[in-house]
Amino acid sequence: MSLGEAEVSGELYRVIRCKWSLPILSHLAHEPMSFTQIARLLNISNKVLAEKLRRLSRLSLIQYNGAGLYSLSPTGYNLVETVEPLLHRGVEPMHLSEVLKCKWMAETLIMLLRGGMHPSEIRRSLAGLSWKVLSQRLGKLLRMGFVRREIIPSKPVRVRYSLTSTGRHTAYWLLTSVREGLDPAQTGMWGLLPKSRL
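Now for a description of the structure that goes with this document.

How each quantity is defined
- Residues numbered from 1 in each chain as written.
- Predicted model: local features only at pLDDT ≥ 70, side-chain atom pairs only at ≥ 80, totals over all residues.
- Heavy atoms only, no water.
- Helix = DSSP H or I, 4+ residues; strand = E, 2+ residues; numbered from the N terminus.
- Buried < 20%, exposed > 50% of the residue type's maximum accessible area, 1.4 Å probe, protein only.
- Contact = heavy atoms within 4.5 Å.
- Areas by Shrake-Rupley, 256 points an atom, 1.4 Å probe, with all protein chains shown as cover.
- Phe/Tyr/Trp six-rings, centres within 6.5 Å; stacked < 30°, edge-to-face > 60°.
- Salt bridge = Lys/Arg side-chain N within 4 Å of Asp/Glu carboxyl O.

Attention now goes to the overall build of the chain. Scanning the chain for helices and strands turns up 11 helices and four strands. Sorting the 198 residues of the chain into buried and exposed places 46% on the buried side. Summarising the internal contacts of the chain: among those between residues at least 6 apart in sequence, 58% fall at separations of at least 24. Summed over all atoms, the accessible surface of the chain reaches about 10400 Å², with 50% contributed by carbon and sulfur.

This part is about helix H2 (residues 21-28). Judged by how many residues are buried, H2 sits mostly within the fold: seven of eight residues are covered. For H2, the set of buried residues is Ser21, Leu22, Pro23, Ile24, Leu25, Ser26 and Leu28.

Under the definition given, this model contains one aromatic pair. A ring pair is formed by Tyr64 and Tyr70, whose centres lie 4.9 Å apart and whose planes are at 50°; its orientation type is tilted.

Attention now moves to the pattern of salt bridges. Considering all chains together, one arrives at four salt bridges under this definition. For the salt bridge of Lys52 with Glu51, the shortest nitrogen-to-oxygen distance reads 3.6 Å. Exposure remark for Lys52: the relative accessible area of 12% places this residue in the buried category. Here Glu98 makes a salt bridge to Lys140, at a shortest N to O gap of 2.8 Å. With Glu98 in helix H6 (residues 93-101) and Lys140 in helix H9 (residues 131-143), this residue pair connects regions lying 42 residues apart in the sequence. Exposure remark for Lys140: the relative accessible area of 27% places this residue in the partly exposed category. Via salt bridges that share partners, Glu98, Lys101 and Lys140 belong to a single interconnected network.

If you want it as structure tokens, here you go:
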């Protein structure tokens, strides 16, 4: 069963957008781990980890074997397989979660699939996006390595943003994930590219 065929409910979508869920799942994909191993590896508090493990278990993404080890369930493996291509390309699980949870990050990445754009072009293309939020999102995307910033020497000086290789792979993954089951009403990603690219 693929992620698209699985129950991709609003709850599951919220879980994969969580800061800790993808890192936990991606580490469990390699080998079963104890609570303590996960806490040390991720530098996460016991209280937060316990809550995240309960939530992942409730959604049947992980299982506890009774011998003190957590492992992925078949559904958890399906989810990790879905994001694995990005993780192999160096995308940090926390960065992917950040892109999924921030309202304008995914839309901005997808918009930049059209090519390099000035901030004013991005803002005009995404109705409802304010200058402040655009500036914050572009700054985060730049720090996470999804976009590059080019300063164009002119009067006045202009700036153009474009996707890095990692950003391009992530944007295409986002489009594919929407097609395969992530709720487009929650992500707002339909209609951002010309029909020929969808």
